[in-house]
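Letter by letter, the chains look like this.
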Amino acid sequence: MKKFLFIAAVLAAFTFTSCEKEASKAIVGTWNTVSMETSYQGVNMNVNLAEIGLSMIFSFDKNGTGTISTTNNGQISSEPITYIATESTLMMTDMYGEVISAGMTISGKNMTLTLTSSDIVDEDGGPVILHLVKM
């Protein structure tokens, strides 16, 4: 019985490690945010970022580091991050140690990030959903 429990524990560890490695492989690359869904004071909005002059590009390296680059009305900023990706979650830490956790789905060259952190969402508690395309 002890052998069985040990083997089951080892298999479970490999399964979870495998999912994390697969998610990390799928996320590696450069992703352009094409649209954002959110709500403001109870009004749902779907915003095409290019139409409002905003660009947000996420770059993920295979070593768990990356950058978030934004362009807003010609002003460019870039911030280094570290990240951990699992099958359904992306956790990013910025250079100030602030952590942003997002639900994540990847399908081919499309990624959706669902941000629910209280410092990101509107006061009505609705999530911010980012739609990204791999470049």
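(A) Structural view of the layout of surface pockets. Volume-wise, the largest pocket comes out at about 330 Å³. Lining of the largest pocket is provided by 18 residues; of these, M56, F58, I68, M92 and I100 occupy positions nearest its centre. Elements with a minimum of two residues in the lining of the largest pocket: β3 (54-60), β4 (65-72), β5 (75-85), β6 (89-94) and β9 (128-134). The dominant element in the lining of the largest pocket, judged by the number of residues it contributes, is β5, at four residues. Of the residues that constitute the lining of the largest pocket, the class distribution is eleven nonpolar, four polar and three charged.

(B) Inspection of the side chain of S59 at higher detail. By the secondary structure assignment, S59 is in strand β3. S59 sits in the buried class, given a relative accessible area of 19%. With near-sequence residues (within four places) excluded, S59 lies in contact with G29, T30, T65, G66 and T67.

(C) Seen up close, the pairing of β6. Residues L90, M92 and D94 point to one face of β6 and are all buried, whereas T89, M91 and T93, pointing to the other face, are not buried. As consecutive antiparallel partners, β5 and β6 are separated by three residues. Note that β6 and strand β7 (residues 99-107) share five bridges and pair antiparallel. Looking at the pairing, T89 lines up with G103 of β7. The turn linking β6 back onto β7 is made up of four residues, and G97 within it adopts a positive phi angle of 85 degrees.

What counts, and where the lines are drawn
- Residues numbered from 1 in each chain as written.
- Predicted model: local features only at pLDDT ≥ 70, side-chain atom pairs only at ≥ 80, totals over all residues.
- Heavy atoms only, no water.
- 1 Å grid on protein atoms, 1.4 Å probe; cavity = no way out; pocket = protein on both sides within 12 Å on 5 of 7 lines; lining within 4 Å.
- Points joined across faces, edges and corners; volume = space filled by probe spheres on them.
- Helix = DSSP H or I, 4+ residues; strand = E, 2+ residues; numbered from the N terminus.
- Nonpolar A, V, L, I, M, F, W, Y, C, P; charged D, E, K, R; others polar.
- Buried < 20%, exposed > 50% of the residue type's maximum accessible area, 1.4 Å probe, protein only.
- Contact = heavy atoms within 4.5 Å.
- Pairing = 2+ DSSP bridges.

In short, shape yes, function no, at least from these values alone.
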